[in-house]
Amino acid sequence: MRLSQHRATILNRCARFLQQHQKQRGTLPCLETGGTQVYAYWKRGEGLVVSVHLDTGEVPADLISPDDAIPIRITVNGDDVFVSG
C-alpha cells in the first residue's frame, strides 16, 4: 500500500479529537483518523499510556495492505520505536 500525499492530507484534515467526558465514565481522550482511534491518557501508577485501535471496522480499504494489515510507524521524540508494514 502506497499512500499519496494528497490522500494523507485529506485524512489528516478530517481527523477529530474526542475529549474525555465528565459525565460519561470510562471515556478517554482519543484522536480518530482514517477509521482508527489513538488514545493518549495518564494513568495512576503507570504514567502516559498510548493505545492504538485499528479494529473499528471503519478503516477504508485503500489504507489496508494486501495482507490485511495497516502499516504503522510509532515514534517517541522523533525516534522509531515500532514499525510494521
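Parameters and conventions
Residues numbered from 1 in each chain as written. Predicted model: local features only at pLDDT ≥ 70, side-chain atom pairs only at ≥ 80, totals over all residues. Heavy atoms only, no water. Helix = DSSP H or I, 4+ residues; strand = E, 2+ residues; numbered from the N terminus. Buried < 20%, exposed > 50% of the residue type's maximum accessible area, 1.4 Å probe, protein only. Contact = heavy atoms within 4.5 Å. Areas by Shrake-Rupley, 256 points an atom, 1.4 Å probe, with all protein chains shown as cover. Salt bridge = Lys/Arg side-chain N within 4 Å of Asp/Glu carboxyl O. Patch = residues over 30% accessible without salt bridge, like charges linked within 9 Å, V, L, I, M, F, W, Y side chains within 5 Å.

*Asks:* Teacher, can you tell me more about the overall build of the protein here?
*Replies:* A count of helices and strands for the protein gives 1 helix and 6 strands. Along the chain direction, N to C, the helices and strands of the protein fall in the order α-β-β-β-β-β-β. When burial is assessed residue by residue, the protein has 19% of its 85 residues classed as buried. Sequence-distant contacts, at least 24 apart, represent 17% of the contacts inside the protein between residues at least 6 apart. For the protein, the exposed surface amounts to about 7000 Å²; the carbon and sulfur share of it is 50%.

*Asks:* Where do I start with the pattern of salt bridges in this structure?
*Replies:* Two side chains bearing opposite charge may form a pair once their charged atoms approach each other closely. Tallied over the full model, the rule gives 4 salt bridges. Taking the shortest distance from any N to any O, the salt bridge between Glu32 and Arg16 comes out at 2.8 Å. Here Glu32 is found in strand β2 (residues 30–33), whereas its partner Arg16 is found in strand β1 (residues 16–18), with 16 residues between them in sequence.

*Asks:* Where do I start with a nonpolar patch on the surface in this structure?
*Replies:* A surface patch of nonpolar side chains, about 800 Å² in accessible area, is lined by Trp42, Leu48, Val50, Val52, Ile74, Val76, Val81 and Phe82. Only β4 (47–53), β5 (72–76) and β6 (79–84) provide two or more residues apiece to the nonpolar patch. Here the nonpolar patch takes 3 residues from β4, the largest share from any one element. We classify Val76 as partly exposed; its relative accessible area is 47%.

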